[in-house]
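Chain and residue survey
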Amino acid sequence: MPTSDAALIGPSPARPAGPRAHTAIGVLALQGDVAEHLQAVAGAGARAVPVRRPGELDAVDGLIIPGGESTTIWKLAAVFDLAGPLRGRIAAGMPVFGSCAGMIMLAARLVGGASGQETLGAIDMTVRRNAFGRQAESFESDLLVRGAGDAPFRAVFIRAPWVEDVGPGVEVLATEPRTGRIVAVRQGRALATAFHPELTRDTRVHAIFADMVREES
Ligand code: GLN
């Protein structure tokens with residue numbers, strides 16, 4: 001078999017052109033619903049990889065920031081030297097999805113944050129932390145999620161935030177029917193939900209994100 005010289009000369013690109021056979025979706029694995037997201041990504045037909053170090057972040061095509069406790073996730077991201085690389089990859093267009101604490105992490109503006117708590121600013125929105133109340137006020141609600149078909153999505157809210165306002169570039173994907181509050185948004189390559197799709201068997205939100213990642217990789 002003749003070998004093309006073109007394949008042997010010149011620098012190899014950091015990322016191969018065209019769709020990658022094994023698109024990898026990372027799950028930020030510092031605290032929170034990591035295992036549940038890894039399982040949901042696999043359920044949506046994509047490859048899931050835990051991310052704890054900057055080198056692991058470099059190797060993924062998209063990233064999920066899980067539900068959990070945003071103050072802890074932020075502190076650990078700083079300790080693990082991930083805050084700068086996360087901001088860098090997001091600014092460079094890496095698709096990201098944050099659920100609950102992850103939504104808080106992606107906000108441009110945060111109300112009710114702990115002192116010193118920063119966010120990544122991926123979505124032009126103001127998020128109010130613990131807006132739906134503390135643990136005792138956790139609840140489930142049936143939502144219509146734009147892009148997820150006509151069947152309602154059973155959404156689990158746990159000490160959930162809501163979105164108080166969004167900038168003009170942000171698409172509202174779902175509101176919570178009882179309160180009318182915005183609970184799912186997308187801006188370009190960033191997706192966020194105030195609820196936890198990783199805690200149900202319904203993988204439609206993960207499938208939306210997997211499609212966003214495949215479009216970019
Ligand atoms: N209230 C939590 C926070 O501030 C988020 C809750 C959750 O992710 N279930 O991070």
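In this convention, every chain numbers its residues from 1, walking through the sequence in written order. Predicted model: local features are reported for residues with pLDDT of at least 70 only, side-chain atom pairs are reported and counted for 80 or more only, and whole-chain, interface and lining totals are derived from all residues. Each side-chain value is worked out from all heavy atoms of the structure, with water and hydrogens disregarded.

1. Structural notes on the overall build of the protein chain
Quick note on the threshold: Put simply, DSSP marks the helices as runs of H or I at least four residues long and the strands as runs of E at least two long, and each gets a number from the N terminus on. Classification of residues uses two cut-offs on accessible area relative to the type maximum, computed with a 1.4 Å probe and protein chains only: under 20% is buried, over 50% is exposed, and between them is partly exposed. Residues are treated as being in contact if the distance between any of their heavy atoms lies within 4.5 Å. Under the convention used here, a 1.4 Å probe and the Shrake-Rupley method define accessible areas, while residue burial counts only the protein chains that appear.
Of regular secondary structure, the protein chain possesses 6 helices and 12 strands. For the protein chain, with 217 residues in total, the buried portion stands at 47%. Put simply, of all contacts in the protein chain between residues at least 6 apart along the chain, 66% involve residues at least 24 apart. Taken as a whole, the protein chain presents about 10200 Å² of accessible surface, with 52% of it coming from carbon and sulfur.

2. A look at the site of the ligand
For clarity, the cut-off: Nearness is judged by heavy atoms alone; a residue qualifies as near a molecule or strand once a single heavy atom is within 4 Å of it. Between N or O atoms, a polar contact is any pair within 3.5 Å; within protein, one atom must be a potential hydrogen donor and the other a potential acceptor, and residues adjacent in sequence are included only when both atoms are from side chains. Each residue is assigned to one class: nonpolar for Ala, Val, Leu, Ile, Met, Phe, Trp, Tyr, Cys and Pro, charged for Asp, Glu, Lys and Arg, and polar for all the others, Gly among them.
Taken together, Gly67, Gly68, Glu69, Ser70, Cys100, Ala101, Ile104, Arg129, Asn130, Ile158, Arg159 and His196 make up all the residues around the ligand. Ala101 has a polar backbone atom sitting 3.0 Å from an oxygen atom of the ligand. Measuring from an oxygen atom of the ligand, one finds a side-chain N or O atom of Arg129 at 2.5 Å. If the ligand stood free it would expose 300 Å²; the protein chains cover 98% of that surface. Each residue belonging to the shell around the ligand can be placed in one class, and the counts come to 4 nonpolar, 5 polar and 3 charged.

3. Description of helix 6 (residues 204-216)
Let me state the cut-off plainly: Under the convention used throughout, the expected extent of a helix is 1.5 Å for every residue step, that is, one less than its residue count.
With 13 residues, helix 6 extends 19 Å between its outermost C-alpha atoms, agreeing within 8% with the 18 Å of an ideal straight helix rising 1.5 Å per residue. Considered for burial, the residues of helix 6 that qualify are Val205, His206, Ile208, Phe209, Ala210, Met212 and Val213.

4. Structural notes on the packing of aromatic side chains
For clarity, the threshold we go by: Stacked, tilted and edge-to-face are the three classes assigned to paired rings of Phe, Tyr and Trp, where Trp is represented by its six-membered ring and a pair needs centres within 6.5 Å; plane angles under 30 degrees give stacked, over 60 edge-to-face, the rest tilted. In our convention, an over-ring charge means Lys NZ or Arg CZ found within 6 Å of a ring centre and within 35 degrees of that ring's normal.
On inspection of all chains with the given rule, the structure shows 7 aromatic pairs. Between Phe139 and Phe157, the ring centres sit 4.7 Å apart and the planes meet at 10°, which makes this aromatic pair stacked. Placement of the pair is Phe139 in strand 7 (residues 139-143) and Phe157 in strand 8 (residues 153-157), with a sequence separation of 18 residues. Both residues of the pair, Phe139 and Phe157, count as buried. Ring pairing ties together the aromatic residues Phe132, Phe139, Phe153, Phe157, Trp162 and Phe195, which thus form one cluster. Sitting over the ring of Phe139, Arg178 keeps its end group 4.9 Å from the ring centre.

5. Looking at the environment of Gly116
As for its position among the elements, Gly116 is in the loop between strand 5 (107-111) and strand 6 (123-128). The sequence separation of Gly116 and Trp74 amounts to 42 residues, and the corresponding C-alpha distance is 9.5 Å.

6. Section: the pairing of strand 2 (residues 47-51)
Consecutive side chains of a regular strand alternate in pointing toward one face of the sheet and then the other. The following threshold applies: A pair of strands is treated as paired once DSSP finds two or more bridges between them. For crossovers, right-handed means that the path from the first strand over the helix to the second runs clockwise, given strands pointing away from the viewer.
Note: strand 1 (residues 24-28) against strand 2, 5 bridges, orientation parallel. Opposite Ala24, over in strand 2, you have Arg47 as the bridge partner. Crossover connection from strand 1 via helix 1 (residues 34-43) to parallel strand 2: handedness right-handed.

7. Here we look at the nonpolar core
Heads up, the rule is: Among buried residues, those of type Ala, Val, Leu, Ile, Met, Phe, Trp, Tyr and Cys that are joined through side-chain atoms within 4.5 Å constitute a nonpolar core.
Counting 67 residues, the largest nonpolar core has Leu28, Leu63, Met125, Phe157, Val185 and Phe195 as the members making the most contacts within it. Considering each element in turn, this core owes the most residues, 6 residues, to helix 6. Those residues in contact with Leu63, other than ones at most four positions away along the chain, are Gly26, Val27, Leu28, Val51, Leu57, Leu86, Met94, Pro95, Val96, Phe97 and Phe209.

8. Focus: helix 3 (residues 70-79)
The α-helix winds at 3.6 residues per turn, so residues separated by three or four positions along the chain end up facing the same way. For the record, the criterion: Picture the helix axis, draw a direction to every C-beta atom, and the arc is the one those directions span.
All buried positions along helix 3 are accounted for by Ser70, Thr71, Ile73, Trp74 and Ala77. All buried residues of helix 3 fall inside an arc of 165° around its axis, so they share one side. Exposed side chains of helix 3 directed beyond 90 degrees from the buried face belong to Lys75 and Val79. As for helix 3, its buried residues are in contact with strand 1, strand 3 (62-65), helix 4 (83-91) and helix 5 (101-106). Positive phi shows up at Asp81, right after helix 3, with a value of about 55°.

9. Points about unusual backbone geometry
The backbone of Asp81 shows a phi angle near 55°, a positive value even though the residue is not glycine. Following the sequence through the fold, Asp81 ends up in the loop between helix 3 and helix 4. For Arg159, which is not glycine, the phi dihedral falls at a positive 40°. As for its position among the elements, Arg159 is in the loop between strand 8 and strand 9 (162-166).

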